[in-house]
Amino acid sequence: MKYVSGPYFEPDFDPLLDRFGTPGVVVDNETREDCTLVKVDSVNRDGVLLEMVQLLTDLDLVIYKSYISSDGGWLMDVFHVTDQIGRKLTDPSLPEFIQRALVPFHRPGNGPSPPRFTTCLGNVVGPGGPDVSDCAALEFTVHDRAGLLSSITSVLVDNGCHVASGQAWTHNGRAAGVLYVTTTAAATTADGAGAAALLPSRWARIERLVNAVVDARENVTGERHWVCVSEPVQGRVHTERRLHQLMHDDRDYESGPAPTPVDEELFSMGEKAATARTARRGAVTRVSIDSWEERGYAVVKMTSRDRPRLLFDTVCALTDMQYVVFHATVGSQGALAIQEYYIRHKDGRTVDSSAERQKVSRCLVAAVERRATHGVRVEVRAADRSGLLSDFTRVLREHGLSLLRVELKRHKDDAFGIFYLVTDTGGEVRAEALRAVQARVAEMDISLDVVKEAPGWPPVRKTSVPAPPVAGPERPRPSLGSLLWSHLGKLSNNFNYIRS
């Protein structure tokens, strides 16, 4: 797939501009043979871009390209998407689901609630994500160490708690987790109520016990850590966004060398040339931040290895740092993802000082690298029961294995988990160690599969009409900055609300 730079204005999208007073979503399967275009024009309310990207990501859709233009109170975005195996979106209920989830007047409380939707990977989602309103939330940040999750889950089991779902990440020697916890049958109240009926003092006690485990690290003094157990509540922050917030607040971005500036030529060369250069140099995450003083924007350029949820992670970081994206284009050159954002702080500032640019660059690199895939991926399935996660992580600990990243979920009576494993010293896990773990957990009725090779990314898109061959040498493609002036003029003529 080729990277196309510049704000996006298709002829068939222009009629949408006339509907100034009617926000809407168009799911277009006609324009492109190889993907579906999801087009959004809306009032540019706070956080709407992240909301859109979050929904498309939770629907297990692959975002190949994105063109974002929002200024003067109005927003126009176009997302090129397929499902995880490269197909266009053909489920007749999906367009309505996306529309009802994104358009404000279709939100719960302002009309009928959107139905839940089953994605191509079998995940059941709704506009608010999986329902964890009946669970307490255990959140923690701490220096990463071997056996950490095993120790925490052991405390929970001993106190009549069960981990229903959650995630944990590690990055730059730090660990963060969000675990959704319920009570076991033995720990329910006399009238049969569960987690929601537990006294606040009970959750406070569990918080103190987990905090004691997190604090018990040998040979390290002055280590910072944080533990919080919150009672069941409606409308929690999206789990992955919360993990980004936790790791950012924990300052995981401070470690390591300063980010490397981007190779500016990648933003103008064709796919073949860019792929060849990336193969020689590697797809290291790079960030450059410049000022466009005439227009009052900070210009953020990023290159990194392309992977799932990359756009969500980047937009999450910018949003939580209180930056507003006014224009952006996101695409890829082979395995290299290229992102370009025109931003301002909510208070109108750009990224003015060298120190601020350095911090924003580090935060963006950290947001991308937290979800980077390392170690051996194993997928686990078992009948959901009390102590399941504690038993499994104990086996890993006994075999000298550590966790880099964890994703836990449940469906009906089954529990599912994805674990990325390394040795306690950070090395590669040997095959005999995996076989030993596999045999041991099989005795506990836990199925473990080793994913030997990561699936290709991005997936090959299906198309009924083959793309025509490119004749002659590849043309270099202009940067967003070189095209933005002309498009800003077009926007101004149509809407009269683009401000300098």
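Residues numbered from 1 in each chain as written. Predicted model: local features only at pLDDT ≥ 70, side-chain atom pairs only at ≥ 80, totals over all residues. Heavy atoms only, no water.

- An unreviewed UniProt entry lists the protein under the name ACT domain-containing protein ACR, with Sorghum bicolor as the source organism.
- As its UniProt record puts it under Function (unreviewed entry), the protein is described as follows: "Binds amino acids." (UniProt positions renumbered as here; feature names shortened; annotations may be inferred.)

**Digging into the environment of Leu-148**
Moving on, step 1. With respect to the secondary-structure elements, Leu-148 resides in helix α4 (residues 148-158).
Moving on, step 2. Under the relative-accessibility criterion, Leu-148 is labelled buried at 6%.
Moving on, step 3. Considered as a pair, Leu-148 and Leu-403 are 255 residues apart in the sequence and their alpha carbons are 8.8 Å apart.
Moving on, step 4. With residues up to four places along the chain from it excluded, the contact list for Leu-148 reads Phe-140, Val-142 and Ala-175. (Helix = DSSP H or I, 4+ residues; strand = E, 2+ residues; numbered from the N terminus. Buried < 20%, exposed > 50% of the residue type's maximum accessible area, 1.4 Å probe, protein only. Contact = heavy atoms within 4.5 Å.)

**Here's the deal with the sheet that holds strand β16 (residues 401-411)**
Moving on, step 1. Across the sheet, eight strands lie side by side as β10-β7-β9-β8-β16-β17-β15-β18; this open sheet has antiparallel pairing. Only two strands of the sheet have a single neighbouring strand rather than two, namely β10 (226-230) and β18 (447-451). Ignoring strand direction, the axes of neighbouring strands in this sheet form an average angle of 20°.
Moving on, step 2. Relative to β16, strand β8 (residues 161-171) runs antiparallel, the two sharing four bridges. From the neighbouring strand, Trp-169 faces β16, where its bridge partner is Arg-405.
Moving on, step 3. Sitting on the sheet, helix α5 (residues 200-215) is in contact with β7 (136-143), β8, β9 (174-183) and β10, with an inclination near 160° to β10. (Pairing = 2+ DSSP bridges. Axes fitted to C-alpha atoms, helices over the stretch in contact; angles between N-to-C directions.)

**Description of α5**
Moving on, step 1. Counted at 1.5 Å a residue, the expected span for α5 with its 16 residues is 22 Å, and the 22 Å between its end C-alpha atoms agrees.
Moving on, step 2. Residues Trp-203, Ile-206, Val-210, Val-213 and Val-214 constitute the buried set of α5. Down the axis, α5 shows its buried residues gathered within 100° of arc, on one side only. Of the residues in α5, the exposed ones pointing more than 90 degrees away from the buried face are Ser-201 and Arg-208. (Expected span 1.5 Å × (residues − 1). Arc of directions from axis to C-beta.)

**Looking at the nonpolar core**
Moving on, step 1. In this structure, Leu-59, Phe-79, Tyr-341, Ile-343 and Leu-364 are the most contacted members of the largest nonpolar core, which totals 52 residues.
Moving on, step 2. When residues of this core are assigned to domains, at least three map to each of domain 1 (24-104) and domain 3 (264-370). (Core = buried A, V, L, I, M, F, W, Y, C linked by side-chain atoms within 4.5 Å. Domains from an automatic or database assignment.)

**Digging into unusual backbone geometry**
Moving on, step 1. For Asn-172, which is not glycine, the phi torsion reads 55° and is therefore positive.
Moving on, step 2. Secondary-structure assignment places Asn-172 in the loop between β8 and β9.
Moving on, step 3. Asn-172 gets classed as partly exposed once you look at its relative accessible area, which sits at 37%.
Moving on, step 4. Its identity is not glycine, yet Arg-309 carries a phi of approximately 65°, on the positive side.
Moving on, step 5. Following the sequence through the fold, Arg-309 ends up in the loop between β12 (297-305) and α8 (310-320).

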